[in-house]
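Here is how the chains run, residue by residue.
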Amino acid sequence: MAPKAGKNLEFSVLLDYYGPVLTEKQRSILSEYYNDDLSLAEIAENYGITRQGVRDAIKHGEATLTEMEQKLGIARRSAAMRDDVERLHELVTEIRVCNSGMFTPSPQIQRDTTELLTIIKRIESQEDTPDGI
């Protein structure tokens, strides 16, 4: 099912990072809204509250998530680091291709780029979860 128009799906990412600072109910409501793509009416029915109550919980939760990201910037830094690691991987691959195209490839470049790729993989595996930051 495609996300509904007007939903800022960045909140789904922020929820991964900062969800524990929300109340259990706010976290659950935001998760159902952003991750499960439920409507306000569906969520209201699940919790036995009004649509307005759901909307208020979402707005308060979004404000808290936004404030946390503005203060800490973990999601923004994590995205920048992923982009940097991806670029490093591209550069190492280019170096390896250039080295292999040489008449006599350098074994030192081959060893160094292999080590770099190992380090990149280790960094990427640490990034798989927000806790890895």
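Structure: above.
Residues numbered from 1 in each chain as written. Predicted model: local features only at pLDDT ≥ 70, side-chain atom pairs only at ≥ 80, totals over all residues. Heavy atoms only, no water.

A. Representation of the pattern of salt bridges. Taken as a whole, this structure holds 6 salt bridges when the rule is applied. Put simply, Glu 62 and Lys 59 hold a salt bridge, and the shortest N to O gap is 3.3 Å. With a gap of 3 residues between them, Glu 62 and Lys 59 both fall in helix α4 (residues 51-72), about one helical turn apart. For Glu 62, a relative accessible area of 9% corresponds to the buried category. With a closest N to O distance of 2.8 Å, Glu 67 and Lys 71 form a salt bridge. On the criterion of helical spacing, the pair formed by Glu 67 and Lys 71 is a turn pair, its members being 4 residues apart in helix α4. Overall, the relative accessible area of 39% leaves Glu 67 in the partly exposed class. Salt bridges here are not isolated pairs; linked through shared partners, they connect Arg 87, Glu 90 and Glu 94. (Salt bridge = Lys/Arg side-chain N within 4 Å of Asp/Glu carboxyl O. Helix = DSSP H or I, 4+ residues; strand = E, 2+ residues; numbered from the N terminus. Buried < 20%, exposed > 50% of the residue type's maximum accessible area, 1.4 Å probe, protein only.)

B. Structural detail: the packing of helix α5 (residues 74-100) against helix α6 (residues 107-127). Contact geometry for α5 and α6: axes closest at 10 Å, N-to-C directions at 160°. Taken together, the axes of α5 and α6 lie roughly antiparallel to each other. In this structure, α5 meets α6 at a crossing whose hand is left-handed. Listed contacts from α6 to Met 81, Arg 82, Val 85, Leu 88, His 89, Val 92, Ile 95, Arg 96 and Asn 99 of α5 are Ile 109, Gln 110, Thr 113, Thr 114, Leu 116, Leu 117, Ile 120, Ile 123, Glu 124 and Glu 127. Residue composition of the contact of α5 with α6, grouped by class: 10 nonpolar, 5 polar and 4 charged. (Axes fitted to C-alpha atoms, helices over the stretch in contact; angles between N-to-C directions. Parallel < 35°, antiparallel > 145°, perpendicular 65-115°, else oblique. Left-handed = near helix turned anticlockwise from the far one by under 90°. Contact = heavy atoms within 4.5 Å. Nonpolar A, V, L, I, M, F, W, Y, C, P; charged D, E, K, R; others polar.)

C. Representation of the packing of aromatic side chains within the structure. Evaluated as defined, the whole model comprises 3 aromatic pairs. Centre to centre, the rings of Phe 11 and Tyr 34 are 5.7 Å apart; their planes meet at 40°, and the pair counts as tilted. Within this pair, whereas Phe 11 is found in helix α1 (residues 10-18), its partner Tyr 34 is found in helix α2 (residues 24-35), the two being separated by 23 residues in sequence. Tyr 34 carries the same exposure label as Phe 11, and that label is buried. Relative to Tyr 34, the ring of Tyr 33 has its centre 4.9 Å away and its plane inclined at 85°; by these criteria the two rings are edge-to-face. (Phe/Tyr/Trp six-rings, centres within 6.5 Å; stacked < 30°, edge-to-face > 60°.)

D. Focus on the environment of Val 92. Looking at the secondary structure, you find Val 92 in helix α5. Residue class for Val 92 comes out buried when judged on its relative accessible area of 4%. It is 18 Å that separates the C-alpha atoms of Val 92 and Ser 125, two residues lying 33 residues apart in sequence.

E. Highlighting the layout of surface pockets. Estimated volume of the largest pocket: approximately 170 Å³. Taken together, Asn 8, Glu 10, Phe 11, Val 13, Leu 14, Thr 66, Glu 69, Gln 70, Ala 75, Arg 76 and Ala 79 make up the full set of residues lining the largest pocket. For the lining of the largest pocket, the secondary structure elements donating two or more residues are α1, α4 and α5. Per-element accounting of the lining of the largest pocket gives the leading share, 4 residues, to α1. (1 Å grid on protein atoms, 1.4 Å probe; cavity = no way out; pocket = protein on both sides within 12 Å on 5 of 7 lines; lining within 4 Å. Points joined across faces, edges and corners; volume = space filled by probe spheres on them.)

F. Quick peek at unusual backbone geometry. Residues other than glycine seldom take positive phi values, yet Asp 37 does so here, at roughly 60°. Tracing the backbone shows Asp 37 in the loop between α2 and α3 (40-47). Residue Asp 37 is classed as buried on the basis of its relative accessible area, which comes to 10%.

None of the figures reported here should be taken as evidence of function without further support.
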